[in-house]
Amino acid sequence: MRRIPLALAAATLAGVSAFGVSAVGAVGAGAASSPNISRDDCTAAGGQVVSRPYAGDTCALPDGTTPAIT
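(A) Summary view of unusual backbone geometry. In the Ramachandran plot, Tyr54 falls in the positive-phi region, its phi being about 65° despite a non-glycine side chain. Along the polypeptide, Tyr54 turns up in the loop between β4 (48-52) and β5 (56-60). Tyr54 sits in the exposed class, given a relative accessible area of 89%.

(B) Focus on the pairing of β4. Note that β4 and β5 share 5 bridges and pair antiparallel. The partner of Val49 across the bridge, within β5, is Cys59.

(C) Focus on the pattern of salt bridges. The full count for this structure, using the stated rule, is 1 salt bridge. A salt bridge links Asp57 to Arg39, with the shortest nitrogen-to-oxygen separation between them at 2.3 Å. A residue pair is termed long-range when its members are at least 10 positions apart, and Asp57 in strand β5 and Arg39 in helix α3 (residues 39-44) qualify at 18 residues.

What counts and what doesn't
Residues numbered from 1 in each chain as written. Predicted model: local features only at pLDDT ≥ 70, side-chain atom pairs only at ≥ 80, totals over all residues. Heavy atoms only, no water. Helix = DSSP H or I, 4+ residues; strand = E, 2+ residues; numbered from the N terminus. Buried < 20%, exposed > 50% of the residue type's maximum accessible area, 1.4 Å probe, protein only. Pairing = 2+ DSSP bridges. Salt bridge = Lys/Arg side-chain N within 4 Å of Asp/Glu carboxyl O.

This is the structure:
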């Protein structure tokens, strides 16, 4: 019986609620499925384009992920 609360806690941390996927979970899932993102998609998702010298640009998304800009 103790497994059910642990599963609910893990789902909550992953961004999944009893009513579906939360906004943060949806952004995280989109970012996880694609390693790159466009500048327009970055800003539309609430992210900020960050320029890195010698390494290109990345997108700092609200969920903490930083996919590369294509």
